Amino acid sequence: MTRYLIKIGEMSLKGNNRSFFEKILKNNIKMRLPKGSRVYGRFGRFFAETDAPSDEVRTILSSTFGITWFVEAFPVRKDMDEITRAALKIAERVSSTIPGGTFKVEAKRLDKGFPLRSYDIACEIGRAHV
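First, a word on scope: everything that follows refers to the structure included in this document. All residue numbers refer to position in the chain's written sequence, counted from 1. Where totals are concerned, whole chains, interfaces and linings use all residues; where local detail is concerned, this predicted model gives features only for residues with pLDDT of at least 70, and gives and counts side-chain atom pairs only at 80 or more. Water and hydrogen atoms play no part in the side-chain values, which are based on all heavy atoms of the structure.

## Describing the sheet that holds strand β2 (residues 38-42)
Logical step 1: Reading across the sheet, the four strands line up as β2-β3-β1-β4 and stay open at both edges, with antiparallel pairing between neighbours. Looking at the sheet topology across the chains shown, the edges are occupied by β2 and β4 (67-73). The sheet shows a mean angle of 20 degrees between the axes of neighbouring strands, direction not considered.
Logical step 2: By the bridge criterion, six bridges tie strand β1 (residues 2-8) to strand β3 (residues 45-50) in an arrangement that is antiparallel. Opposite Ile6, over in β3, you have Phe46 as the bridge partner. Strands were regarded as paired on the criterion that DSSP finds at least two bridges between them. Strands are runs of DSSP state E lasting at least two residues, helices are runs of H or I lasting at least four, and both sets are numbered from the N terminus onward. Orientation is described by axes fitted as lines to C-alpha atoms, over the contacting stretch for helices, and by angles from 0 to 180 degrees between their N-to-C directions.

What follows is the structure, given as structure tokens:
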């Protein structure tokens, strides 16, 4: 099963209606994805888990109103060694498709209790790639 991180656009007007609009978008995504897919999350980001072919999922998500961007996600434990290994594996896969290309590491941690700041995570991963 493949997991996707989905970032949604601003969905509130006035008052406490954000959850209402997020629920509608979540249901729209779920209805468009093949049966057996799972969509969960809130506060501006969802995750979708599906067995559908990635080309099909990309077509569905890129044409769903309300989605700002999405990317394939790789779950790892909150362990810097495991995070680094996963990031390097992704960087290797991407760099093999762009000869001589470079990349930038950006980290955004939701768990503010994690011992490293987002910038420090990005620096460690970048340093490990060299």
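Moving on from the coordinates now.
## Overview of the environment of Ile29
Logical step 1: Looking at the element boundaries, Ile29 is found in helix α1 (residues 18-32).
Logical step 2: Along the primary structure Ile29 and Ile60 are separated by 31 residues, whereas in three dimensions their C-alpha atoms are 8.2 Å apart.
Logical step 3: The contact definition used throughout considers only heavy atoms, calling two residues in contact when any of these lie within 4.5 Å. Excluding residues that lie within four positions of it along the chain, Ile29 makes contacts with Ile6, Val39, Phe46, Leu61, Thr64 and Ile67.

## Remarks on the packing of aromatic side chains
Logical step 1: Within 6.5 Å between ring centres, the rings of Phe, Tyr and Trp (the latter by its six-membered ring) count as paired, and their orientation is classed by plane angle as stacked under 30 degrees, edge-to-face over 60, tilted in between. In the structure shown here, the tally under the stated rule is two aromatic pairs.
Logical step 2: A centroid spacing of 5.2 Å and a plane angle of 75 degrees characterise the contact between Phe20 and Phe21, whose relative ring orientation is edge-to-face.
Logical step 3: Buried means the residue's accessible area, taken with a 1.4 Å probe over protein chains only, is under 20% of the maximum for its type, while exposed means over 50%, and partly exposed covers the values in between. Residue Phe21 is classed as partly exposed on the basis of its relative accessible area, which comes to 27%.
Logical step 4: Centroid distance Tyr40 to Phe47: 5.7 Å. Interplanar angle 25 degrees. Geometry classified as stacked.
Logical step 5: Under the relative-accessibility criterion, Tyr40 is labelled partly exposed at 22%.
Logical step 6: When the NZ atom of lysine or the CZ atom of arginine is within 6 Å of a ring's centre and also within 35 degrees of its normal, the charge is said to sit over that ring. Taking the ring centre of Phe47 as reference, the NZ or CZ of Arg3 above it sits at 5.9 Å.
Logical step 7: Between Arg38 and the ring centre of Tyr40, over which it is positioned, the NZ or CZ distance is 4.1 Å.

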